[in-house]
Amino acid sequence: MGARDLAGLRAAITGGSSGIGAATARAFAARGARLAIAGRNAAALRKVAAATSAVCLPGDLAEPGCPRRTIDAAVGALGGLDILVSNAGIGWAGRFADMTEADIDTLLDINLRAAAQLARAAIPHLQRASGRLVFVGSVAGLVGVPGEAWYSATKAGLSCLADALRAELKPAGVGVTLVSPGVVDTPYFERRNEPYQRRHPKLMSAQAAADAITDAVCRGRDDVVVPLWLTVPARVKASFPRLYRLLAARLA
Ligand SMILES: NC(=O)c1ccc[n+]([C@@H]2O[C@H](COP(=O)([O-])OP(=O)(O)OC[C@H]3O[C@@H](n4cnc5c(N)ncnc54)[C@H](OP(=O)(O)O)[C@@H]3O)[C@@H](O)[C@H]2O)c1
């Protein structure tokens, strides 16, 4: 899928019941996309659906089989699939050594395993439509944030998955986009075990993150960091790794 607008396109958005996913549903609906939105909170899903004419796909993506059922239901309801926005995710902050086994598994299950299973189920449909697979990663996945080690690792996994699938699916006409937001003002922080306390980067709105996702899909972009200035840490890390490590140690 190259550059195109969204009128009439069929999109599934996971994590559509809250935050970035709900804002993306509103942004896609405003451009004429036909939507299926997934999440666990059925009441919250219905509220977003009422404003976006979306089909609701309630379910816990960490449960075995749920990602495939979600894609099958989206395809059944929409008659195919042009875009999957794999956005559902959770955070965890604190010392890595303080994480429980269950914390590690839960983050892996929803942030990476479910995203992979969703992609696997969606790819045949996206191939038929020359569609686009969108992963919502994080700047933490590009540089590894101290105090968010495992969250960073799950998002780095998504970044690698996106790179590999982009090359693998190009001959089949499927585009792959990785959107890596900085810090976004959503319920994400109250849901994880620690509120956001840093002064920088500043919180941006879910609407700004959703606009970046929408723009990336419409323009057929591969890789988007939002806000743009947060590409700097990843560039410094790639070009001047020793300097990066010195700065990271100071700022940790
Ligand atoms: N907020 C940030 O600063 C930030 C920064 C970078 C990246 N991100 C990423 O952006 C994505 C969206 O986060 P957000 O900020 O919008 O947070 P949010 O408001 O907490 O939304 C998270 C969404 O994921 C869904 N979800 C979580 N666990 C799920 C599960 N087991 N099964 C199905 N759905 C599940 C939630 O559904 P229910 O509420 O219905 O359970 C909710 O819709 C995440 O991948 C997050 O890692 C966020």
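Computed from a predicted structure; not experimentally measured. (Residues numbered from 1 in each chain as written. Predicted model: local features only at pLDDT ≥ 70, side-chain atom pairs only at ≥ 80, totals over all residues. Heavy atoms only, no water.)

## Looking at the site of the ligand
Within the structure, the ligand sits among 31 residues, and Ser17, Ser18, Asn87, Tyr151 and Thr186 are positioned closest to it. Measuring from an oxygen atom of the ligand, one finds a backbone N or O atom of asparagine 87 at 2.7 Å. In the model, an oxygen atom of the ligand is placed 3.4 Å from a nitrogen or oxygen of the tyrosine 188 main chain. Here the shell around the ligand is composed, by residue class, of 14 nonpolar, 13 polar and four charged. (Near = heavy atom within 4 Å. Polar contact = N/O pair within 3.5 Å; in protein donor to acceptor, adjacent residues only side chain to side chain. Nonpolar A, V, L, I, M, F, W, Y, C, P; charged D, E, K, R; others polar.)

## Description of the sheet that holds strand 9 (residues 223-226)
One open sheet accounts for seven strands, arranged 3-2-1-4-5-6-9; its pairing is parallel. Across the chains shown, the open sheet's two edge strands, defined by having one partner strand only, are strand 3 (55-58) and strand 9. Strand-to-strand twist of the sheet, defined as the mean angle between neighbouring strand axes without regard to direction, takes the value 15°. Sheet topology places strand 1 (residues 10-14) next to strand 2 (residues 34-39); five bridges connect them, and they run parallel. Following the sheet pairing, alanine 12 is matched in strand 2 by alanine 36. (Pairing = 2+ DSSP bridges. Helix = DSSP H or I, 4+ residues; strand = E, 2+ residues; numbered from the N terminus. Axes fitted to C-alpha atoms, helices over the stretch in contact; angles between N-to-C directions.)

## Remarks on the packing of aromatic side chains
With the rule as written, the count across this model stands at three aromatic pairs. Plain terms: the ring middles of tyrosine 188 and phenylalanine 189 are 4.8 Å apart, the flat faces sit at 85° to each other, and that makes the pair edge-to-face. Judged by centre distance (5.2 Å) and plane angle (45°), the ring pair of phenylalanine 189 and tyrosine 196 falls under tilted. Across the pair, exposure class does not vary: phenylalanine 189 and tyrosine 196 are buried alike. (Phe/Tyr/Trp six-rings, centres within 6.5 Å; stacked < 30°, edge-to-face > 60°. Buried < 20%, exposed > 50% of the residue type's maximum accessible area, 1.4 Å probe, protein only.)

## Some thoughts on the state of the cysteines
Throughout the structure, instances matching the rule amount to zero disulfides. Left unpaired, cysteine 66 is separated from the closest cysteine sulfur, that of cysteine 56, by 14 Å. (Disulfide = S-S within 2.5 Å.)

## What about the pattern of salt bridges?
In the structure shown here, the tally under the stated rule is nine salt bridges. Taking the shortest distance from any N to any O, the salt bridge between glutamate 148 and arginine 198 comes out at 3.6 Å. Of this pair, glutamate 148 sits in the loop between helix 5 (140-143) and helix 6 (149-169) while arginine 198 is found in the loop between helix 7 (188-191) and strand 8 (204-205), placing the two residues 50 residues apart along the sequence. Judged by its relative accessible area of 11%, glutamate 148 falls in the buried class. (Salt bridge = Lys/Arg side-chain N within 4 Å of Asp/Glu carboxyl O.)

## Here's the deal with the environment of glutamate 194
Its place among the elements puts glutamate 194 in the loop between helix 7 and strand 8. According to the relative accessible area criterion, glutamate 194 is partly exposed, its value standing at 30%. C-alpha separation for the pair glutamate 194 and glycine 91, spaced 103 residues apart in sequence, amounts to 9.1 Å. Residues contacting glutamate 194, with those up to four places away along its chain left out, are Ala93, Gly94 and Phe189. (Contact = heavy atoms within 4.5 Å.)

## Some remarks on unusual backbone geometry
Here the residue pair histidine 200 and proline 201 is connected by a cis peptide bond, since its omega of -10° sits within 30 degrees of zero. Relative to the assigned elements, proline 201 resides in the loop between helix 7 and strand 8. In this structure, serine 53 takes a positive phi of about 55° despite not being glycine. Locating serine 53 in the fold gives a position in the loop between helix 2 (42-52) and strand 3. Take serine 53: its relative accessible area is 68%, and that puts it in the exposed class. Even without being a glycine, serine 130 presents a positive backbone phi close to 50°. Residue placement: serine 130 occurs in the loop between helix 4 (101-129) and strand 5 (132-136). Taking the relative accessible area as the measure of exposure, serine 130 reaches 35% and is therefore partly exposed.

## Observations regarding the side chain of serine 159
Mapped onto the secondary structure, serine 159 falls in helix 6. Given a relative accessible area of 14%, serine 159 falls into the buried group. Setting aside its immediate chain neighbours within four residues, serine 159 contacts Leu142 and Leu178.

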